[in-house]
Amino acid sequence: MNWLLVALGGAVGASLRYGAGVLLFKPSSGFPWTTWWVNLCGCLLAGIFFAYSQKFPVLQNEARLFLMVGILGGFTTFSSFGLETFQLLKHGQIVLALGYVISSVIAGVMVLAWGFYLFQWLLHTR
């Protein structure tokens, strides 16, 4: 049953990722903005879900598999991140590639922490 939750969540997440790629504006700057935003949104949602799961332990089992492993796993795009970084490096855009990697990792962790602490605070004030 757990694999089914992950598979269904993954289908939802992958569909959302595809939709984001279609809908988000793609500037011609060479920087992979769509993947960057999708990954940051995924980090924010992971932080929010983690805060909720601390308050509601029922979210640490099947719901975690469906939402975190499935939906967010299908939505965020580490393989796209790797490919885009490689392509930037391959085309000699070393500074842009480094900026992409550093900003993705640092901003991703910051946004995840922000989502966690904000929603942990909101849950405790109610």
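Everything below is about the structure shown above.
Calculation notes
- Residues numbered from 1 in each chain as written.
- Predicted model: local features only at pLDDT ≥ 70, side-chain atom pairs only at ≥ 80, totals over all residues.
- Heavy atoms only, no water.
- Helix = DSSP H or I, 4+ residues; strand = E, 2+ residues; numbered from the N terminus.
- Buried < 20%, exposed > 50% of the residue type's maximum accessible area, 1.4 Å probe, protein only.
- Expected span 1.5 Å × (residues − 1).
- Contact = heavy atoms within 4.5 Å.
- Patch = residues over 30% accessible without salt bridge, like charges linked within 9 Å, V, L, I, M, F, W, Y side chains within 5 Å.
- Areas by Shrake-Rupley, 256 points an atom, 1.4 Å probe, with all protein chains shown as cover.
- Salt bridge = Lys/Arg side-chain N within 4 Å of Asp/Glu carboxyl O.
- Axes fitted to C-alpha atoms, helices over the stretch in contact; angles between N-to-C directions.
- Parallel < 35°, antiparallel > 145°, perpendicular 65-115°, else oblique.
- Left-handed = near helix turned anticlockwise from the far one by under 90°.
- Nonpolar A, V, L, I, M, F, W, Y, C, P; charged D, E, K, R; others polar.
- Core = buried A, V, L, I, M, F, W, Y, C linked by side-chain atoms within 4.5 Å.

Engineer: Describe in detail the overall build of the protein chain, supporting the description with residues and values.
Structural biologist: Looking only at helices and strands, the protein chain features five helices and zero strands. Reading the protein chain from its N end, one meets helices and strands in the order α-α-α-α-α. With the C-alpha coordinates aligned to their principal axes, the bounding extent of the protein chain is approximately 50 × 35 × 20 Å. The proportion of buried residues among the 126 residues of the protein chain is 31%.

Engineer: How would you explain helix α5 (residues 94-124) if you had to name every residue and give the values?
Structural biologist: With 31 residues, α5 should reach 45 Å at 1.5 Å per residue; the first-to-last C-alpha distance of 45 Å fits that figure. Close packing links the buried residues of α5 with α2 (33-55) and α4 (78-90).

Engineer: Describe the environment of Leu-8, and please don't skip the residues or the numbers.
Structural biologist: Following the sequence through the fold, Leu-8 ends up in helix α1 (residues 2-23). Here Leu-8 falls in the partly exposed class, since its relative accessible area comes to 47%. Considering only alpha carbons, one finds Leu-8 and Ile-71, 63 residues apart in sequence, at a separation of 7.9 Å.

Engineer: Describe the environment of Met-110, and please don't skip the residues or the numbers.
Structural biologist: Structurally, the position occupied by Met-110 is in helix α5. The spatial distance from the C-alpha of Met-110 to the C-alpha of Gln-120 is 15 Å, given a sequence separation of ten residues.

Engineer: So what's going on with a nonpolar patch on the surface? Residues and values would help.
Structural biologist: A cluster of nonpolar side chains, namely Leu-89, Ile-94, Leu-98, Ile-102, Ile-106 and Met-110, defines an oily patch on the protein surface of about 590 Å² accessible area. Broken down by element, the residue count for the nonpolar patch peaks at five residues, all from α5.

Engineer: Would you mind going over the side chain of Ser-53 in detail, with residue names and values included?
Structural biologist: Position of Ser-53 among the secondary structure elements: in helix α2. The exposure class assigned to Ser-53 is buried, which follows from its relative accessible area of 3%. Each residue touching Ser-53, except ones within four places of it in the same chain, is listed here: Leu-59 and Gln-60.

Engineer: Describe the packing of α2 against α5, listing the residues and the values that go with them.
Structural biologist: Packing of α2 against α5 leaves a shortest axis separation of 7 Å and a crossing angle of 30°. Accordingly, the angle class assigned to the pair α2 and α5 is roughly parallel. The hand of the α2/α5 crossing is right-handed. The residue makeup of the contact of α2 with α5, split by class, is 17 nonpolar, eight polar and one charged.

Engineer: Before we move on, can you summarise the packing of α1 against α2 with the specific residues and values?
Structural biologist: In a pair of packed helices, the angle between the axes and the distance between the axes together describe the arrangement. Remark: α1 packs on α2, axes separated minimally by 10 Å, with the N-to-C direction vectors making an angle of 135°. When the axes of α1 and α2 are compared, the pair comes out oblique. In this structure, α1 crosses over α2, and the sense of that crossing is right-handed. Facing α1, whose interface residues are Arg-17, Ala-20 and Gly-21, α2 presents Thr-34, Thr-35 and Val-38. Its residues assigned to classes, the contact of α1 with α2 shows two nonpolar, three polar and one charged.

Engineer: Describe the nonpolar core, and please don't skip the residues or the numbers.
Structural biologist: In this structure, Phe-31, Trp-36, Leu-40, Phe-81, Leu-88, Ala-97, Tyr-100 and Ala-107 together form the largest nonpolar core, which totals eight residues. Of all the secondary-structure elements, those providing two or more residues to this core are α2, α4 and α5. The dominant element in this core, judged by the number of residues it contributes, is α5, at three residues. Look past the residues within four positions of Phe-81 in its chain and what remains in contact with it is Thr-35, Asn-39, Tyr-100, Val-101 and Ser-104. If you look at the next biggest cluster of nonpolar residues, it comprises five residues, including Val-38, Ala-46, Leu-72 and Phe-75.

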